[in-house]
Amino acid sequence: MNKQKMFNIGFLLVSLIIIIVLLLAPKETTPRLPHNKEHIKFYSMKKKYAEKYCSECHKKLSKKHPPKFRCLLCHKKENNK
């Protein structure tokens, strides 16, 4: 086989592997930022600014929890609100 054909086959195999891995990835399980009276004010703020207020109420986090200064990286705002 020529080099171009081998490259195309390799590209297709890598693409197929990537698609399979993405399809088998677990669903997102991190709770979203609640859309309630305590959290509604944060929906209009930029992420970095809003995250400064999280520790006022959410003081204790487990030892496995990621850094507390990046709350909205995982706890995203609800899309439909």
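Note that the structure is a prediction, hence the values are computed from the model and not measured.

**Brief notes about the pattern of salt bridges**
A side chain with one charge may pair with a side chain of the opposite charge, provided their charged atoms come close.
Part 1 of the argument: In the structure shown here, the tally under the stated rule is two salt bridges.
Part 2 of the argument: Note that E28 and K76 form a salt bridge whose closest N and O atoms lie 3.4 Å from each other. A residue pair is termed long-range when its members are at least 10 positions apart, and E28 in the loop between α1 (3–24) and α2 (47–51) and K76 in the segment after α4 (71–74) qualify at 48 residues.
Part 3 of the argument: Taking relative accessible area as the criterion, E28 reaches 49% and is therefore assigned partly exposed.
Part 4 of the argument: The closest approach of N and O atoms between E51 and R70, which form a salt bridge, is 3.7 Å. Of the two residues, E51 sits in helix α2 while R70 sits in the loop between α3 (54–57) and α4, which places them 19 residues apart along the sequence.
Part 5 of the argument: The exposure class of E51 is buried, given its relative accessible area of 6%.
Part 6 of the argument: A relative accessible area of 27% places R70 in the partly exposed class.

**Quick notes on the confidence of the model for the protein chain**
Part 1 of the argument: Averaged over all residues, the pLDDT of the protein chain equals 89, while 98% of them reach at least 70.
Part 2 of the argument: Considering each helix and strand of the protein chain separately, the mean pLDDT is smallest for α4, with a value of 88, and largest for α1, with 96.

**Section: the environment of S44**
Part 1 of the argument: Among the structural elements, S44 can be located in the loop between α1 and α2.
Part 2 of the argument: Here K41 takes part through its backbone oxygen, which lies 3.2 Å from a polar atom of the side chain of S44.

**What to know about the packing of aromatic side chains**
Part 1 of the argument: The full count for this structure, using the stated rule, is two aromatic pairs.
Part 2 of the argument: For the ring pair F42 and Y53, a centre distance of 6.1 Å and an interplane angle of 35 degrees mean the geometry is tilted. Of this pair, F42 sits in the loop between α1 and α2 while Y53 sits in the loop between α2 and α3; the two residues are eleven residues apart in sequence, bridging distant segments of the chain.
Part 3 of the argument: Using a relative accessible area of 11% as the deciding quantity, one classes F42 as buried.
Part 4 of the argument: Classification of Y53 by relative accessible area gives partly exposed; the value is 28%.
Part 5 of the argument: One aromatic cluster is present, formed by F42, Y49 and Y53 through successive ring pairs.

Conventions used here
Residues numbered from 1 in each chain as written. Predicted model: local features only at pLDDT ≥ 70, side-chain atom pairs only at ≥ 80, totals over all residues. Heavy atoms only, no water. Salt bridge = Lys/Arg side-chain N within 4 Å of Asp/Glu carboxyl O. Helix = DSSP H or I, 4+ residues; strand = E, 2+ residues; numbered from the N terminus. Buried < 20%, exposed > 50% of the residue type's maximum accessible area, 1.4 Å probe, protein only. pLDDT = per-residue confidence, 0-100. Polar contact = N/O pair within 3.5 Å; in protein donor to acceptor, adjacent residues only side chain to side chain. Phe/Tyr/Trp six-rings, centres within 6.5 Å; stacked < 30°, edge-to-face > 60°.

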